Amino acid sequence: MAYKVCILSSDDPLLKADRAQEFIKKAREEVPEALFMILSSDDFQSTRGANLALLENELIDPGLFGGDRIIKIYLKDLDATACEVLNLIAKRIRDGVYIVIDLPRINASFNKEGPLPFKEESKVKLETRKKHALSFIKGIGGSVEILYTPEGRELLEFISKRCAKYGFTSDSTCASYIAQACEGNLIAIDQALQLMQMTLPSGKIALNDVDRFFVNDARFSGYEFTEALFNADGIRALNILNSFCTGPSTSLSEALSLLLGRLESALNAIYEGRESNLLKKPFAERVHFFQSFGLKTPKAQDAVLKAISSMPLNLLNFLSLNLSKASKDFASFSHEKAYLTLQEMAVSVINYEVEKLNLEDISK
């Protein structure tokens, strides 16, 4: 391995976990008998400065007594304690020890300076100590990596590679659907793909497969209730509501919180879309409009457009009043009442669709 110390900085836990696993795997090839240890910020807490005794003991060469170590350290921030930990590692690192350090995302400016040989410092400002602590790690041949959550085309490439990891392939349309359904959350994407691996046939997955998966899996169905409601498909809305709120993967409280948030965004978008005459706006403006309301899936957007164009104002107002009622019940922990109100909303669009069909029959 080219280096024995690796600092991983990111707001995305999956990126850090993947990279740490890769580092540890290579370290294990170098020191197959090494003891694996995990330390956290709590292990360094003290009333006076950082308590470095535990880590320092592991960095002291035990001679012939099997001192190989692979150590993973979780730090809450690049603060004064973290600087002391990094400085100790730079000062004491020895053969047979490999260390990977997990940090939240740090300011990129701290990582601009090159390697420096370790030296004891006193009366130095904390911002300078942060930069020097990273440079001291580089000075012993360590790596400092700031990992950013992929977006746009990079996110689609991430999903394609993740699909390959789980034994199937997808085209850009499927990857885009997965990204939108999971709101770009890498952990949610990874969980979805693992479940697809268990439920879908290996090989290339089609858009219909992906759509069916997200509709059937309760954890990813937050949008479907809203879509069914504003498509006036009340029967489907009732089925989704029942599945989503009684599934084993989420509690009623969590399910209601997600559904109420989705509905509020969609209703606000419908009212605003009518006011701004969204249907006549160019495509680029529509995209920006939907993004501002968090409506990321094409089906959710289509349902909102349909409601803007054809849902009667009195029905929209009825749904809005009931959403307010359900939200108040939820806030007062009356979860069953909130659930029943959502059922009433689904039934109301069934009645609307029946009335609409009757009117069409009369006109023929």
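Since we're looking at a predicted model, the values are computed, not measured. Think of each chain on its own: its residues are numbered from 1, step by step along the sequence as written. The predicted origin of the model limits local features to residues at a pLDDT of at least 70 and limits the giving and counting of side-chain atom pairs to 80 or more, whereas totals for whole chains, interfaces and linings rest on all residues. Side-chain measures here rest on the full set of heavy atoms in the structure, leaving out hydrogens and waters.

S.K.: Lay out the pattern of salt bridges with the relevant residues and their values.
M.R.: The term salt bridge refers to a side-chain nitrogen of Lys or Arg lying within 4 Å of a carboxyl oxygen of Asp or Glu. Across all of its chains, the model carries 13 salt bridges by this definition. Each of Arg19, Glu22, Lys26 and Glu145 takes part in a single network of salt bridges with overlapping partners.

S.K.: Can you explain the packing of aromatic side chains? Please cite residues and give values.
M.R.: The criterion for an aromatic pair is that two Phe, Tyr or Trp rings (for Trp, the six-membered ring) have centres within 6.5 Å, with stacked assigned to planes under 30 degrees apart, edge-to-face to planes over 60 apart and tilted to the rest. As enumerated under the stated definition, the model contains 3 aromatic pairs in all. Ring geometry for phenylalanine 118 against phenylalanine 136: centres 5.2 Å apart, planes inclined by 75 degrees, an arrangement best described as edge-to-face. A residue pair is termed long-range when its members are at least 10 positions apart, and phenylalanine 118 in the loop between strand 4 (97-103) and helix 4 (126-139) and phenylalanine 136 in helix 4 qualify at 18 residues. The exposure class assigned to phenylalanine 118 is partly exposed, which follows from its relative accessible area of 27%. Between phenylalanine 289 and phenylalanine 290, the aromatic rings sit 5.7 Å apart at their centres with planes inclined by 75 degrees, giving edge-to-face as the arrangement. Relative accessibility thresholds used throughout: buried, under 20% of the residue-type maximum; exposed, over 50%; partly exposed, between the two (1.4 Å probe, protein chains only). The buried category is assigned to phenylalanine 289, whose relative accessible area is 10%. Three or more aromatic residues joined by ring pairs form one cluster here, namely Phe289, Phe290 and Phe293. Labels follow the DSSP assignment, with helices taken as runs of H or I lasting at least four residues and strands as runs of E lasting at least two, numbered in each case from the N terminus.

S.K.: Please give an account of a nonpolar patch on the surface that cites residues and values.
M.R.: A cluster of nonpolar side chains, contributed by Phe36, Ile38 and Tyr74, occupies part of the molecular surface with about 270 Å² of accessible area. By the secondary structure assignment, phenylalanine 36 is in strand 2 (residues 35-40). Patch construction takes residues with relative accessible area above 30% that form no salt bridge. Like charges are linked within 9 Å, and nonpolar side chains (Val, Leu, Ile, Met, Phe, Trp, Tyr) are linked within 5 Å. Computed with the Shrake-Rupley method and a 1.4 Å probe, the accessible areas treat only the protein chains shown as cover for residues.

S.K.: Give me the lowdown on the nonpolar core, citing residues and values where you can.
M.R.: The biggest cluster of nonpolar side chains holds 40 residues, and the ones touching the most others in it are Phe225, Leu229, Phe230 and Leu342. When residues of this core are traced back to their parent elements, those giving at least two are helix 9 (222-230), helix 10 (234-246), helix 11 (252-275), helix 12 (283-292), helix 13 (298-310), helix 14 (313-331) and helix 15 (335-363). Ranked by residue count, the leading element in this core is helix 11, at 9 residues. Here, residues are in contact when the closest pair of their heavy atoms is within 4.5 Å. Leave out the neighbours within four places in its chain, and leucine 342 touches Phe225, Leu241, Leu256, Leu259, Leu260 and Leu263. Ile7, Ala82, Leu86 and Val144 belong to the second-largest nonpolar core, a separate cluster that totals 32 residues. Buried Ala, Val, Leu, Ile, Met, Phe, Trp, Tyr and Cys residues form a nonpolar core when they are joined through side-chain atoms within 4.5 Å.

S.K.: An account of the packing of helix 5 (residues 152-165) against helix 7 (residues 186-199) is requested, with residue identities and associated values reported.
M.R.: The geometry of a pair of packed helices is captured by two quantities: the angle between their axes and the separation between those axes. Here, axes are lines fitted to C-alpha atoms. For helices the fit covers the stretch in contact, and angles between N-to-C directions go from 0 to 180 degrees. Closest axis-to-axis distance for the helix 5/helix 7 pair is 10 Å, and the angle between their directions is 30 degrees. As the angle between them shows, helix 5 and helix 7 are arranged roughly parallel. Every pair of crossing elements has a handedness; the one defined by helix 5 and helix 7 is right-handed. Of the residues in helix 7, those in contact with Leu155, Phe158, Ile159, Arg162 and Cys163 of helix 5 are Leu186, Ile189, Asp190 and Leu193. The nonpolar class holds Ala, Val, Leu, Ile, Met, Phe, Trp, Tyr, Cys and Pro. Asp, Glu, Lys and Arg form the charged class, and all remaining residues, Gly among them, are polar. For the contact of helix 5 with helix 7, the per-class residue count stands at 7 nonpolar, no polar and 2 charged. Throughout this description, any angle smaller than 35 degrees is read as roughly parallel, any larger than 145 degrees as roughly antiparallel, any in the 65 to 115 degree range as roughly perpendicular, and the remainder as oblique. Crossings are sorted by hand: turned counterclockwise from the far helix by less than a right angle, the near helix makes the crossing left-handed, and turned clockwise it makes it right-handed.

S.K.: Could you give an account of the sheet that holds strand 2, naming the residues involved and the relevant values?
M.R.: If DSSP finds at least two bridges between two strands, the strands pair. Taken in spatial order, the 5 strands line up as 2-3-4-1-5 in an open sheet, and their pairing is parallel. Lying at the two open borders of the sheet, with one neighbouring strand each, are strand 2 and strand 5 (143-146). Neighbour-to-neighbour, the strand axes of the sheet open up by a mean angle of 15 degrees, direction not taken into account. In the sheet, strand 3 (residues 69-74) pairs with strand 4 via 6 bridges, with the strands oriented parallel. What sits directly across from lysine 72, in strand 4, is valine 100.

S.K.: How would you explain helix 1 (residues 13-30) if you had to name every residue and give the values?
M.R.: Each helix should span, by expectation, one fewer than its residue count multiplied by 1.5 Å. Here helix 1 spans 26 Å end to end across 18 residues, near enough to the 26 Å set by a 1.5 Å rise per residue. Taken as a whole, helix 1 has its buried residues at Leu14, Leu15, Lys16, Arg19, Ala20, Phe23, Ile24 and Ala27. A distance of 3.0 Å separates the backbone nitrogen of leucine 14 from a side-chain oxygen at the start of helix 1, and that oxygen is part of aspartate 12. We call two N or O atoms a polar contact when they sit within 3.5 Å, provided that within protein one can donate a hydrogen and the other can accept it, with sequence-adjacent residues counted only if both atoms are side-chain atoms.

S.K.: Summarise the side chain of asparagine 87; cite the residues concerned and give the values.
M.R.: Residue placement: asparagine 87 occurs in helix 3 (residues 80-92). For asparagine 87, a relative accessible area of 18% gives the class buried. Setting aside residues no more than four positions away along its own chain, asparagine 87 makes contact with Phe118, Ala133 and Phe136.

S.K.: Explain the pairing of strand 3 residue by residue, including any values.
M.R.: Counted residue by residue, strand 3 has 5 buried out of 6 residues, so it is predominantly covered. Of the pairings in the sheet, the one linking strand 2 to strand 3 comprises 6 bridges and is parallel in character. Note on strand 3: the bridge partner recorded for serine 40 is tyrosine 74. Seen with its strands pointing away from the viewer, a crossover is right-handed if its path from the first strand over the helix to the second goes clockwise. Assessed by its sense of winding, the connection that carries the chain from strand 3 through helix 3 to strand 4 is right-handed.

S.K.: Tell me about the environment of phenylalanine 110, residues and numbers included.
M.R.: Within the fold, phenylalanine 110 resides in the loop between strand 4 and helix 4. Accessibility expressed as a relative area gives 8% for phenylalanine 110, which makes it buried. Residues contacting phenylalanine 110, with those up to four places away along its chain left out, are Leu78, Glu127, Lys130, Lys131 and Leu134.

S.K.: Tell me what's going on with the packing of helix 11 against helix 13, and back it up with residues and numbers.
M.R.: At a minimum axis distance of 9 Å, the contact between helix 11 and helix 13 shows a crossing angle of 45 degrees. One finds that helix 11 runs oblique with respect to helix 13. In this structure, helix 11 crosses over helix 13, and the sense of that crossing is right-handed. Within the contact between the two elements, helix 11 uses Ala266, Ala269, Ile270, Gly273 and Arg274 and helix 13 uses Val304, Ala307, Ile308 and Ser310. Here the residues of the contact of helix 11 with helix 13 sort into 6 nonpolar, 2 polar and 1 charged.

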